Amino acid sequence: MSADTSADPAAATSTQTAADSSPYVVEMRGITIRFPGVLALDHVDLLLRPGEVHSLMGENGAGKSTLIKALTGVYRVDGGTITVGGEERTFTSTADAQAAGISTVYQEVNLCTNLTVGENVMLGHERRRGRTIDWRATHAEAARHLRGLGLTIDPRSLLSSHSIAIQQLVAISRAMVLDAKVLVLDEPTSSLDRDEVEQLFGVIRDLRAKGVAILFVSHFLDQVYEISDRITVLRNGSLVGEHLAASLPRDVLVTEMIGRALDDLEALSGTARREVDRSGEPVLRAEGIGRRGVLEPADLEVYPGEVVGLAGLLGSGRTELVRLLYGADRADTGHVSVHGRPARMTTPRHAIDHRIAFSSEDRRGEGIIADLTVAENIVLGVQARRGWARKMRRSERDAIVAEYIEALGVRPANPDAVVGNLSGGNQQKVLLARWLATAPELLVLDEPTRGIDVGAKADIQRKVSELSAKGLAVVFISSELEEVLRLAQRIAVLRDRRKIGELDSAEVDLDGLIDYLANEGKGSAA
Amino acid sequence: MTTFWKHRLFWPAAALVALVTVNSIARPRFLSITMRDGELYGALIDILRNSAPLMLVALGMTIVIATRGIDLSVGAIMAVSGAVALTVIDGSDDPGNLGTVLVAVATAIAVALVLGVWNGFLVAVLGIQPIIATLVLMLAGRGVALLITGGFITTVNSDPFSYIASGYLTLVPFALVISVVAVAVIALVERRTALGVLTEAVGINPEASRLAGVRSRGIVWGAYVLSGALAGVAGIVYASNIKAADANAAGLFIELYAILAVVLGGTSLAGGKFSVAGTVIGVLVIQTLESTILFLGVPSAQSPVFFALVVVVVVMVQSKRVRGAFGMVRRPGRDGPTGPPGPSKHEAVTGRRTEVAA
């Protein structure tokens, strides 16, 4: 640790001699990146040491991928310096970064699945004989690199014939061909099962022993603690801290990731205190609902007038759970009943017929129809229920649209504005309007307040609170735990694709919830 | 001042007006319409009548393209439809009988409908990429048509059948009546019901539409059925015009002209917002251009080059970027009233990505 302080002046003053004295293979200092209207990264430092696994942690929008893209030459920095091997560099392309020894393996494997394993490993570095490629030597070389990672697959087999896990290891072999000093692994485990993760970690440990610096990004806390030597935490584009993994308690990490920014919405906490009558049938009861590789079987009940919060980090299974309930994805275990009667939920239509509404976390991709107007977007849910032949009358449509624009404060209050041009918060209000117009009995909101301004956030929370008081059942997902605590009477906690328990929000505070989320059943998750 | 030139139909309409102007200067009688025996004649009437098959096919194509699809099989379906109709008439004892012709037409349209159902099944149910799914029928369809006619060009002599392409309903050619009725019915059904807006929703963002409860499978399927049926009618009009079923020539390359007409009319190949009026203008531009080429006496070997040159110019005039380069529009500012194209393009891209990732 003492090396930190001694290295700083050396790196700053002399880039020639720094290579000898700097303990870092990559030194990013004061990195600042601006996007139109957004400060994506604000003076962030990242220091990678050879022979170490360094995890980058943070919630969505924290700036993890922006920082990685700055390092790998995808984005140009607006401020700060990147020093690699003691030399200050300005990367203008990913090829630049690769030439400097920085290789990246992305979540979605970026290889050519229609080429052979060997061709992928050696792409651009094929062995030549005169002006032609010596395929025999090329494949032999590929096989050597693959064996180096403990892979004994045939380099002449098609890449697409192998599992994602193997493809990921092939991508790492490719990084080795490029003689990478730094290996960036962005969410490499998100589609791997337990054994495959073990195989990958074995490879990572080997590379670490060979002196490669590894930057690891994952949403799985257990995996991060298993493999990391050091952890850097980002939040909202700023550096929160760098820690040795061994001396960083889980609850401190989670607190740093989520932050504790209390805003002016404390007044709403009355919602969470409201008593809910759970004597009757729940609106929705799910028993053992799950899907292989997505979510372990989980139970959930929601009663009329109740707000159930789902707490958990991104990738914990909170979104996956509600998607299964809604029929957006098909569950392969468990069953669901609505008002005590068994219900089939295999497509969104089934859920909608049972008066369940679901607003996705992916507002642009799965929510708004960007080219259509505010009015068309708002009535889409009702119109879809009625079918194409029974078009809503103009007067009825105008009345509904005017009512919700007013009630939710959509700005601009113009029914003919194209939704794609509205701000995120107003798009979210339009989506909320679309579902409220269908008069649902259960409203499922996945991250309805992410990435929107405080005013819109308050409007949406107030509306949810109001509607639940009138008897609407709500499932509310948010990365902001204060928000969940404020709105929900009951909180289901998920971690690593598993529901780990339920809490009564009257009996738990923020620290208690963070502690539960981080530590309950620690290490047992698969 | 209203910015009528920002309307999305302005440039297609301008291209049509320009073509008509060139023609009326080159041949003074171009615009004149004369009455003979209570029937209208003239160059414009010919263009409108001859455009009927392309109009029918392009209408179906518009709806298919709005769903993010494409239908390459329309030419082949025209060939099959013509073959079926002619075979029924040829095989009957009384080819001149109106009843025979009605049965023939109904059978042909039914067969075309079934082919559309097949296309829609491949795309909407099996999830095969539209270009591949319809390529199957595009390649196989003409073989089927040849099989039906036994490998010959079936010719018939049937007055009621000839009437479809060359007859007059009081003042106007019957083929023109067919295409006007088709345009009117489709424009009404799409806009007076919610079908149009739901089709656009599915085309713009299929996943969001699915989650909103839109029955997107039925909407996509229906688009291909409609396209097949309209191609069937187009095949009958074509066969009636030449009084024969020519499996090799019927509707040859019409799928490409139809796609061109849709694009000229301002509907994006990326799907989503569509314009029936735009397609009508696009068809008329193509048909007027063909008539112009004929009139100017461009040697037939060179006419495709001439056609291509004009189309390239028209498409370039419609391109925002080209107009921007020539200072015809202001560069879209950050907060300028540029409307949907900017974000919509972005959305189309991100929408696709989401689909792949899901």
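About the thresholds
- Residues numbered from 1 in each chain as written.
- Chains lettered and ligands numbered in written order.
- Predicted model: local features only at pLDDT ≥ 70, side-chain atom pairs only at ≥ 80, totals over all residues.
- UniProt positions renumbered as here; feature names shortened; annotations may be inferred.
- Contact = placed C-beta atoms within 7 Å.
- Helix = DSSP H or I, 4+ residues; strand = E, 2+ residues; numbered from the N terminus.
- Pairing = 2+ DSSP bridges.
- Axes fitted to C-alpha atoms, helices over the stretch in contact; angles between N-to-C directions.
- pLDDT = per-residue confidence, 0-100.
- Domains from an automatic or database assignment.
- Nonpolar A, V, L, I, M, F, W, Y, C, P; charged D, E, K, R; others polar.

As annotated in an unreviewed UniProt entry, chain B is Sugar ABC transporter permease from Cellulomonas carbonis T26. Looking at the Subcellular location (unreviewed entry) heading of the UniProt record, one finds this comment for chain B: "Cell membrane".

Going by an unreviewed UniProt entry, chain A carries the name Sugar ABC transporter ATP-binding protein and comes from Cellulomonas carbonis T26.

Peer 1: So what exactly am I meant to see when it comes to the interface of chain A and chain B here?
Peer 2: Interface size is commonly expressed as the accessible area that is lost once the parts come together. With 30 residues of chain A at the interface, the matching set in chain B holds 30 residues. Of all the elements in the fold, those that place two or more residues in the side of chain A that touches chain B are helix 13 (348–353), helix 14 (363–366) and helix 15 (374–386) of chain A. It is helix 15 of chain A that contributes the most residues to the side of chain A that touches chain B, 6 residues altogether.

Peer 1: Could you clarify how one ought to interpret the sheet that holds strand 14 (residues 295–302) of chain A in this entry?
Peer 2: Hydrogen bonds along the backbone pair up the strands of a sheet, which may run parallel or antiparallel. All names here are of chain A. With respect to topology, 4 strands assemble into an open sheet ordered 14-13-16-17, the strand pairing being antiparallel. With one partner strand each, in any of the chains shown, strand 14 and strand 17 (341–343) form the two edges of the open sheet. Ignoring which end each strand starts from, the neighbouring axes of this sheet average 25° apart.

Peer 1: Please clarify how the confidence of the model for chain B should be interpreted in this entry.
Peer 2: Note: predicted coordinates in regions of low pLDDT should not be interpreted at a detailed level. Residues and elements named next belong to chain B. The predicted model of chain B averages 87 in pLDDT, with 89% of residues at 70 or higher. When the criterion is pLDDT under 50, residues 329–358 qualifies, and its contacts beyond four places in sequence or with other chains add up to 36 contacts. For this predicted complex, the interface score ipTM comes out at 0.82, while the overall pTM is 0.73.

Peer 1: Mind showing me how you'd approach the domain arrangement of chain A here?
Peer 2: Residue and element names in this part refer to chain A. When its domains are assigned, chain A resolves into domain 1 (50–73 + 93–258), domain 2 (261–355 + 440–450 + 465–526) and domain 3 (367–439). Taking only C-alpha atoms, the centre of domain 2 and the centre of domain 3 are 26 Å apart. Domain 2 puts 4 residues into the contact, and the matching count from domain 3 is 6 residues. Among the residues forming the side of domain 2 that touches domain 3, the class breakdown is 4 nonpolar, no polar and no charged.

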